[in-house]
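Here is how the chains run, residue by residue.
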Amino acid sequence: GGVVYYTQNQAEVETEPEPVTTEEEVETVTPPAAQTQPNTQVNTQTRVNPTVLPIQILGPKQLYLQMKAEFGAVQTYADMEVYIRKYGSQSQVAKLAEAQNAPASFRESLVGLMKMSIPSAQEITTIQESIDGSTATLNVSSTKPNSVGTVTMVLENGQWKMEKESWTTRRN
């Protein structure tokens, strides 16, 4: 992990090569001189878009709708990484490490593939929620003809996280 040192209204962060922030909403840190906090730990594993609000404790259906709304802003693989770290289950976050070995062009192509194959928030028409203990299943339909989705969410540390989202086209 990195360490933040506060000196004269300025935060200096020792981290790995890429700049990283905590999971909370972060802007410029300028603590008053009287409230300096030496040796504050910073999580160097999670990248966060400063404009994204922290996750509220929502039910699976509400969280899915929030996720869909935020996915519209994902444009690059780096954006998708932030999105997965925020909403993905531990197994989804673990898959990010595997993707690091893939060529950058392949990682970027994943974003376009996901955007084409998964309906946007505006295209979702119905969501049926079923919760069984720490697993939730959402049966989702969209404006795309015969397109149906199944979303599996798991409860991790008191919050619902995306485990899997798959869409198929039913043949009539």
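All of these numbers come straight from a predicted model, not from anything done at the bench.

Some remarks on the overall build of the protein
Link 1 in the chain: When its secondary structure is counted, the protein shows four helices and seven strands.
Link 2 in the chain: Mapped from its N terminus to its C terminus, the protein presents α and β elements in the order β-β-β-α-α-α-α-β-β-β-β.
Link 3 in the chain: Of all intrachain contacts in the protein linking residues separated by at least 6 positions in sequence, the fraction that spans at least 24 positions is 53%.
Link 4 in the chain: Carbon and sulfur atoms provide 51% of the accessible area of the protein, an area that totals close to 10900 Å².

Thoughts on the pairing of strand S7 (residues 159-169)
Link 1 in the chain: The sheet contact formed by strand S6 (residues 147-156) and S7 spans 10 bridges and is antiparallel. Of the residues in S7, the one forming a bridge with Leu155 is Trp160.
Link 2 in the chain: Counting the residues between successive antiparallel strands, the hairpin from S6 to S7 contains two residues, one of them, Asn157, with a positive phi of roughly 50°.

Side note on the packing of helix H1 (residues 60-71) against helix H2 (residues 77-87)
Link 1 in the chain: H2 packs onto H1 with a crossing angle of 170° between their chain directions and a minimal axis gap of 11 Å. The angle between H1 and H2 falls in the class roughly antiparallel. Across the interface between the two elements, Leu63, Gln66, Met67, Lys68, Glu70 and Phe71 of H1 pack against Tyr83, Lys86 and Tyr87 of H2.
Link 2 in the chain: Tallied by class, residues from the contact of H1 with H2 come to five nonpolar, one polar and three charged.

Describing the sheet that holds S7
Link 1 in the chain: With antiparallel pairing, four strands are arranged side by side in an open sheet as S4-S5-S6-S7. The open sheet has two edge strands, strand S4 (124-132) and S7, and neither has a second partner. Averaged over all pairs of adjacent strands, the angle between strand axes in this sheet comes to 20°, irrespective of strand direction.
Link 2 in the chain: Of the pairings in the sheet, the one linking S4 to strand S5 (residues 135-142) comprises eight bridges and is antiparallel in character. By the bridge assignment for S5, Ile131 is matched with Ala136.

Some words on unusual backbone geometry
Link 1 in the chain: Despite not being glycine, Asn146 has its phi angle at roughly 60°, a positive value.
Link 2 in the chain: Summarising the element assignment, Asn146 is placed in the loop between S5 and S6.
Link 3 in the chain: Given a relative accessible area of 35%, Asn146 falls into the partly exposed group.
Link 4 in the chain: Look at Asn157: it is not a glycine, yet its phi comes out positive at around 50°.
Link 5 in the chain: Along the chain, the position of Asn157 falls in the loop between S6 and S7.

Some thoughts on the packing of H2 against helix H3 (residues 90-99)
Two quantities define a packed helix pair, namely the angle between the axes and the distance from one axis to the other.
Link 1 in the chain: Here H2 crosses H3 at 150°, and the two axes come no closer than 9 Å. Between H2 and H3, the crossing angle belongs to the class labelled roughly antiparallel. Judged by the sense of rotation from one axis to the other, the crossing of H2 with H3 is left-handed. Two secondary-structure elements touch here, H2 through Tyr77, Glu81, Ile84 and Arg85 and H3 through Gln92, Val93, Leu96 and Ala99.
Link 2 in the chain: In the contact of H2 with H3, the residues fall into five nonpolar, one polar and two charged.

A few points about the environment of Gly72
Link 1 in the chain: Looking at where Gly72 falls in the secondary structure, it is placed in the loop between H1 and H2.
Link 2 in the chain: Gly72 gets classed as partly exposed once you look at its relative accessible area, which sits at 47%.
Link 3 in the chain: Distance from Gly72 to Ser120, taken between C-alpha atoms, is 6.8 Å for residues 48 residues apart in sequence.

Analysis parameters
- Residues numbered from 1 in each chain as written.
- Predicted model: local features only at pLDDT ≥ 70, side-chain atom pairs only at ≥ 80, totals over all residues.
- Heavy atoms only, no water.
- Helix = DSSP H or I, 4+ residues; strand = E, 2+ residues; numbered from the N terminus.
- Contact = heavy atoms within 4.5 Å.
- Areas by Shrake-Rupley, 256 points an atom, 1.4 Å probe, with all protein chains shown as cover.
- Pairing = 2+ DSSP bridges.
- Axes fitted to C-alpha atoms, helices over the stretch in contact; angles between N-to-C directions.
- Parallel < 35°, antiparallel > 145°, perpendicular 65-115°, else oblique.
- Nonpolar A, V, L, I, M, F, W, Y, C, P; charged D, E, K, R; others polar.
- Buried < 20%, exposed > 50% of the residue type's maximum accessible area, 1.4 Å probe, protein only.
- Left-handed = near helix turned anticlockwise from the far one by under 90°.

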